[in-house]
Amino acid sequence: QSGSATIGVTVSNAGLASYSDDFSSGLALWRAINPPLETRGQQTEWTTRVSPADPPPPGGSEGWVKPANNDDWHGCNDALRGQRINTAGFTRPLHVKFMYRTRGPLLLEYTADDGSSWVRVGTVPPSNEWRSHNILVDVPQGALYLRLSYTGDVRGNEAAALGASIDDMQVRQAPSGAP
């Protein structure tokens, strides 16, 4: 006896109006992406930890690009995608604010087509000290995702900013006054 059946699934996820994360609960709100066909980045990954920085970031924890071992330098190609944001009702730009420290440039991008293409909206400059990045982004109305991409180098020295670290991410509609 043989047969076939067709099942249809409809997923409704219009997206959030805003989100924030201090990375104390891991990467539950994020999707770490490592391009599978790229050799660069196969020895590294986004994860979380209690920050070894002195002084630590405000929340005490951080998202960071972790190398496979602490002794060698590794080339990174790692992206961290946030939750879906619904900007359909926004009357002001998207406001993205976070703390960071990074050895090389950290790219901030968005997609409005579920990842088929990404639009770069900012390059976060390197800093060995914790800094705040604060940007207003004109984005299309509708559902979109943000991501942070790091393609620099990393070494597992946990006491230093020898890769990319982020904390206290806030994504929302810009307030009516200056952020």
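Above: the structure in question.
Definitions and cut-offs
Residues numbered from 1 in each chain as written. Predicted model: local features only at pLDDT ≥ 70, side-chain atom pairs only at ≥ 80, totals over all residues. Heavy atoms only, no water. Helix = DSSP H or I, 4+ residues; strand = E, 2+ residues; numbered from the N terminus. Buried < 20%, exposed > 50% of the residue type's maximum accessible area, 1.4 Å probe, protein only. Areas by Shrake-Rupley, 256 points an atom, 1.4 Å probe, with all protein chains shown as cover. Salt bridge = Lys/Arg side-chain N within 4 Å of Asp/Glu carboxyl O. Pairing = 2+ DSSP bridges. 1 Å grid on protein atoms, 1.4 Å probe; cavity = no way out; pocket = protein on both sides within 12 Å on 5 of 7 lines; lining within 4 Å. Points joined across faces, edges and corners; volume = space filled by probe spheres on them. Nonpolar A, V, L, I, M, F, W, Y, C, P; charged D, E, K, R; others polar. Phe/Tyr/Trp six-rings, centres within 6.5 Å; stacked < 30°, edge-to-face > 60°.

Draft legend 1. Molecular detail of the overall build of the protein chain. For the protein chain, the count of helices and strands is zero helices and 14 strands. Order of helices (α) and strands (β) in the protein chain, N terminus to C terminus: β-β-β-β-β-β-β-β-β-β-β-β-β-β. Looking at the 179 residues of the protein chain, the share that counts as buried comes to 41%. About 9500 Å² of surface is accessible on the protein chain, with carbon and sulfur atoms providing 46% of the total.

Draft legend 2. Representation of the pattern of salt bridges in the model. Per the counting criterion, the structure on display carries four salt bridges. In this structure, Arg 84 and Asp 114 form a salt bridge, with 2.7 Å as the shortest nitrogen-oxygen distance. Here the residue Arg 84 occupies a position in the loop between strand S6 (78-81) and strand S7 (85-86), and Asp 114 occupies one in the loop between strand S9 (106-111) and strand S10 (119-124), the gap between them amounting to 30 residues. Judged by its relative accessible area of 18%, Arg 84 falls in the buried class. Shared partners join several salt bridges into a network, and the residues in it are Arg 49, Glu 62 and Arg 101.

Draft legend 3. Molecular detail of the pairing of strand S14 (residues 164-173). Pairing between strand S1 (residues 19-21) and S14: three bridges, direction antiparallel. Residue pairing for S14: Asp 21 is matched across the bridge by Met 169. Examined bridge by bridge, strand S4 (residues 61-67) and S14 share two bridges and lie antiparallel to one another. Paired with Trp 64 across the two strands is Ser 165, which belongs to S14.

Draft legend 4. Up close: the pairing of S9. With six of six residues buried, S9 lies mostly within the body of the structure. Side chains of S9 alternate between two faces, with Leu 106, Leu 108 and Tyr 110 and Leu 107, Glu 109 and Thr 111 buried alike. Where S9 and strand S12 (residues 143-150) come together, six bridges link them in antiparallel fashion. From the neighbouring strand, Thr 111 faces S12, where its bridge partner is Tyr 145.

Draft legend 5. Up close: empty space enclosed by the protein. With the rule as written, the count across this model stands at two cavities of 30 Å³ or more. As a volume, the second largest cavity reaches approximately 40 Å³. Taken together, Tyr 19, Trp 30, Leu 80, Val 96, Leu 108, Leu 146, Arg 147, Leu 148, Met 169 and Val 171 make up the lining of the second largest cavity. Of all the secondary structure elements, the ones that give two or more residues to the lining of the second largest cavity are S12 and S14. A total of three residues in the lining of the second largest cavity trace back to one element, the largest contributor, which is S12. Looking at the lining of the second largest cavity residue by residue, the class counts come to nine nonpolar, no polar and one charged.

Draft legend 6. Molecular detail of the environment of Asp 54. In this fold, Asp 54 is placed in the loop between strand S3 (44-50) and S4. Residues Asp 54 and Trp 130 lie 76 residues apart in sequence; the distance between their C-alpha atoms is 9.6 Å.

Draft legend 7. Spotlight on the packing of aromatic side chains. On inspection of all chains with the given rule, the structure shows three aromatic pairs. With a centroid separation of 5.6 Å and 20° between ring planes, the pair formed by Phe 23 and Trp 30 is classed as stacked. Its relative accessible area of 1% is what places Phe 23 among the buried residues. Take Trp 30: its relative accessible area is 10%, and that puts it in the buried class. With 6.3 Å between their ring centres and 65° between their planes, Phe 98 and Tyr 100 make a pair best called edge-to-face. In textbook terms, an aromatic cluster arises when at least three aromatic residues are bridged by ring pairs, as seen for Tyr 19, Phe 23 and Trp 30.

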